[in-house]
Amino acid sequence: MSTARTQSSPIEEAHVGGAGDVSPVARVVDVEGIPMSALVAEAPEPRAVIVALHGGAARAAYWDCPGHPELSMMREAVAHGFTVIAPDRPGYGSSRPHREELSAPDVRVDLAYRTVDALLGTSPRGAGLFLWGHSVGSELTVRMAVENRREEILGVELSGTGREHHALAAGILGTRERYANARGVGELLWTPAELYPPDIVGGAVIAARTPGYEADVTAGWPDDDFPALAAHVRVPVHFTAAEHEKVWRNDAQALEDVAAMFTAAPNVTVHLHPGGGHNLSIGYAGPAYHRTVFGFVDDCIALQEVPRP
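The rules behind each value
In this convention, every chain numbers its residues from 1, walking through the sequence in written order. Only residues with pLDDT of 70 or above have their local features reported here, since the model is predicted, and side-chain atom pairs are shown and tallied only from 80 upward, although totals for entire chains, interfaces and linings are computed over all residues. Side-chain metrics in this entry use all non-hydrogen atoms of the structure; hydrogen atoms and water are not considered. Secondary structure elements are taken from DSSP: a helix is a run of H or I of four residues or more, a strand is a run of E of two residues or more, and numbering for both begins at the N terminus. To get the radius of gyration, use the C-alpha atoms; to get the globule rule, take the number of residues to the power 0.38 and multiply by 2.2 Å. The classification of residues rests on relative accessible area computed with a 1.4 Å probe and restricted to protein chains. Under 20% of the type maximum is buried, over 50% is exposed, and intermediate values are partly exposed. Contact between two residues is taken to exist if any of their heavy atoms lie within 4.5 Å; hydrogens are not considered. Using a 1.4 Å probe, the Shrake-Rupley method yields the accessible areas, and only the shown protein chains count as cover for residues. Two strands qualify as a pair provided that DSSP identifies no fewer than 2 bridges between them. Here, the term right-handed applies to a crossover whose path from the first strand over the helix to the second runs clockwise when the strands point away from the viewer. Throughout this description, the term nonpolar core refers to a set of buried Ala, Val, Leu, Ile, Met, Phe, Trp, Tyr and Cys residues connected via side-chain atoms within 4.5 Å. We define a salt bridge as a contact between a side-chain nitrogen of Lys or Arg and a carboxyl oxygen of Asp or Glu at a distance within 4 Å. Stacked, tilted and edge-to-face are the three classes assigned to paired rings of Phe, Tyr and Trp, where Trp is represented by its six-membered ring and a pair needs centres within 6.5 Å; plane angles under 30 degrees give stacked, over 60 edge-to-face, the rest tilted.

**Some thoughts on the overall build of the chain**
Regarding its fold elements, the chain presents 7 helices and 9 strands. Computed over C-alpha atoms, the radius of gyration of the chain comes to 18 Å, within 12% of the 19 Å expected from 2.2 N^0.38 for 309 residues, which places it in the range of a compact globule. The principal-axis extents of the C-alpha atoms in the chain amount to approximately 50 × 45 × 40 Å. Across the 309 residues in the chain, those meeting the buried criterion constitute 55%. Across the chain, every contact between residues at least 6 apart in sequence was considered, and the portion connecting residues at least 24 apart equals 81%. Carbon and sulfur atoms form 52% of the exposed surface of the chain, whose accessible area is close to 12900 Å².

Here it is as structure tokens:
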């Protein structure tokens, strides 16, 4: 395994018109009797398909910043030649009425893969699937990468997660035994406010109720599930920490500790992104962050094209 660490130059300003012209389409597919909702943005001849998994208490709209198309990851991805599938994760969106049936991790992984298959149908996939997870969505992302169904996963991007919580989060985040301090969590997630468009701060435009199983997911993630799963990921990994991340440690040692878990990955890149907060993809730093990840997807595609001995 090789490990690289990068840090961007000062933040590139988001520019109106920078995103592509294709508007994501809301779709619902039936997967074994469970309706799964998603946003889909298709490139005519995709070089790859990005599967984007949102964080907790949010919807797939996270990836298509409401009211700000210039910040949309999905629209920019199409302009770069990628199709994007952004499901509402199991227990969210249309599948919420079935949330009690979805507590087992293997059930959620299978449902996610079947959802992608149902949404894509016979549409081209290019070089394969690239998994992109944010915050609590990183759990499902890593589990899907470990399974790597049909061996078509090109690589993984993770952001808004980690091995150890930031000192500022002490006493604020919830546990199995007690609820989180809602006001405190909001400050962790959405400050400094100037990193985001004013109408986005607080997340009301993307908000969704959290399924009960996520209390167990968040409690067991940093110390148990993340390290155990990371060791079985066998595709390239890109890990991003935001400069103003306040939920997870983002110092150099913390990033190296995350990279060290991916012992089976052929390469791991850790990246500290300037000018961004926890919700990187819907802030002003989003476009520059997205382009960084698109570059990594390009690298993953290139690796697939190298002839094997």
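Having put the structure on the table, let's press on.
**So, the pairing of strand S6 (residues 129-134)**
The buried fraction of S6 is high, at 6 of 6 residues. Both faces of S6 are covered, namely the face carrying Leu129, Leu131 and Gly133 and the face carrying Phe130, Trp132 and His134. As paired strands, strand S4 (residues 48-53) and S6 are joined by 5 bridges and run parallel to one another. Looking at the pairing, Ala52 lines up with Trp132 of S6. Two elements, S6 and strand S7 (residues 153-159), share 6 bridges in a ladder whose sense is parallel. Note on S7: the bridge partner recorded for Gly133 is Leu158. The parallel pair S6 and S7 is bridged by helix H3 (residues 137-147), and the resulting crossover is right-handed.

**Things to note about the environment of Ala231**
Structurally, Ala231 is set in the loop between helix H5 (214-230) and strand S8 (237-242). What makes Ala231 partly exposed here is its relative accessible area of 27%. Spatially, the C-alpha atoms of Ala231 and Glu32 are 31 Å apart, while their sequence positions differ by 199 residues. Residues within four places of Ala231 in sequence aside, it is in contact with Met261, Thr263 and Ala264.

**Quick word on the nonpolar core**
If you look at the biggest cluster of nonpolar residues, it comprises 52 residues, and the most contacted ones within it are Met144, Phe226 and Phe262. A per-element tally of this core places helix H2 (residues 105-120) first, with 7 residues. The contacts of Met144, once residues within four sequence positions are left out, are Leu53, Val109, Ala112, Tyr113 and Leu131. In this structure, Ala77, Leu154, Trp190 and Tyr196 belong to the second largest nonpolar core, which totals 39 residues.

**Thoughts on the pattern of salt bridges**
This model, assessed by the stated rule, comprises 16 salt bridges. Linking Glu32 and Arg114 is a salt bridge whose minimum nitrogen-to-oxygen distance equals 3.4 Å. In this pair, Glu32 is assigned in the loop between strand S2 (25-31) and strand S3 (34-41) and Arg114 in helix H2, connecting sequence segments 82 residues apart. Take Arg114: its relative accessible area is 36%, and that puts it in the partly exposed class. Among the ionic contacts, a cluster of salt bridges with common partners joins Glu32, Asp110, Arg114, Glu147 and Arg149.

**Quick notes on H3**
Most of H3 sits inside the fold, with 9 of its 11 residues counted as buried. Those residues of H3 that fall on the buried side of the exposure criterion are Gly137, Ser138, Glu139, Leu140, Thr141, Val142, Arg143, Met144 and Ala145. The inward-facing, buried residues of H3 abut S4, H2, S6, S7 and H5. Asn148 lies just past H3 and shows a positive phi near 45°.

**Quick look at the packing of aromatic side chains**
Any pair of aromatic rings gets described here by the distance separating the centres and the angle formed by the planes. Following the criterion strictly, the structure yields 9 aromatic pairs and no others. Relative to Phe294, the ring of Phe82 lies with its centre 5.8 Å away and its plane at 50°, an arrangement referred to as tilted. Within this pair, whereas Phe82 is found in strand S5 (residues 82-87), its partner Phe294 is found in helix H7 (residues 286-305), the two being separated by 212 residues in sequence. No difference in accessibility class separates Phe82 from Phe294, as the two residues are buried. Put simply, the rings of Tyr62, Trp63, Phe82, Trp132, Tyr289 and Phe294 pair up and form one aromatic cluster.

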